[in-house]
Amino acid sequence: MNAIKNRVQLIGNVGNDPEIKNLEGGKKLANLTIATNDSYKNDKGEKVEQTEWHRVVAWGKTAEIIEKYVTKGNQVAIEGKLSHRSYEDKNGEKRYITEIVVSDLLMLGK
């Protein structure tokens, strides 16, 4: 069971063109959002669609692949780990972020 601790797998659509940052030493960072959709029937029997948005980050070779091949609307499958961090914004307020750090990426569809 140790292999499945803090493991996230998602299939969804890329919500925006990835933001790529070039860091010192030539390392790359990719930031993007992925939308996953779900549906269920409510008490009245009506179909309800629900979309969840996920913040995703990728480093190194995975970020390079995202830079070359991934654009808004692409369907992707990702695997990674859930990460929580905080920072202070320009007004001095503490902000919290939950994101998925990608270890594997698979491009689906188009």
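Attention here is on the structure that accompanies the text. Keep in mind that what you see is a predicted model, and the values were worked out from it rather than measured. (Residues numbered from 1 in each chain as written. Predicted model: local features only at pLDDT ≥ 70, side-chain atom pairs only at ≥ 80, totals over all residues. Heavy atoms only, no water.)

1. Considering the environment of D89
1) Next: With respect to the helices, strands and loops of the structure, D89 is situated in the loop between β5 (75-88) and β6 (94-108).
2) Next: The class for D89 is buried, based on a relative accessible area of 16%.
3) Next: Through-space distance from the C-alpha of D89 to that of E67 is 27 Å; in sequence the pair is 22 residues apart.
4) Next: Here the side chain of D89 touches N91 through a polar contact of 2.9 Å, landing on its backbone nitrogen. (Helix = DSSP H or I, 4+ residues; strand = E, 2+ residues; numbered from the N terminus. Buried < 20%, exposed > 50% of the residue type's maximum accessible area, 1.4 Å probe, protein only. Polar contact = N/O pair within 3.5 Å; in protein donor to acceptor, adjacent residues only side chain to side chain.)

2. Comments concerning the nonpolar core
1) Next: Core analysis: the biggest nonpolar cluster contains 15 residues, and L32, I34, V56, I66 and I78 have the highest contact counts within it.
2) Next: Of all elements in the fold, only β1 (8-14), β3 (28-41), β4 (47-59), α1 (60-69), β5 and β6 reach the threshold of two or more residues within this core.
3) Next: Not counting chain neighbours up to four residues away, the residues in contact with L32 comprise V14, N16, P18, H54, R55, V56 and I66. (Core = buried A, V, L, I, M, F, W, Y, C linked by side-chain atoms within 4.5 Å. Contact = heavy atoms within 4.5 Å.)

3. Points about the pattern of salt bridges
1) Next: Scanning the entire structure with this criterion turns up eight salt bridges.
2) Next: Close ionic contact of E64 with K61 constitutes a salt bridge, the shortest N to O distance being 3.9 Å. Residue E64 and its partner K61 are both found in helix α1; the two are separated by three residues, about one turn of the helix.
3) Next: Since its relative accessible area comes to 28%, E64 is described here as partly exposed.
4) Next: Beyond isolated ion pairs, a larger network of salt bridges with shared partners links D89, E93 and R95. (Salt bridge = Lys/Arg side-chain N within 4 Å of Asp/Glu carboxyl O.)

Nothing here speaks to function; it is geometry throughout.
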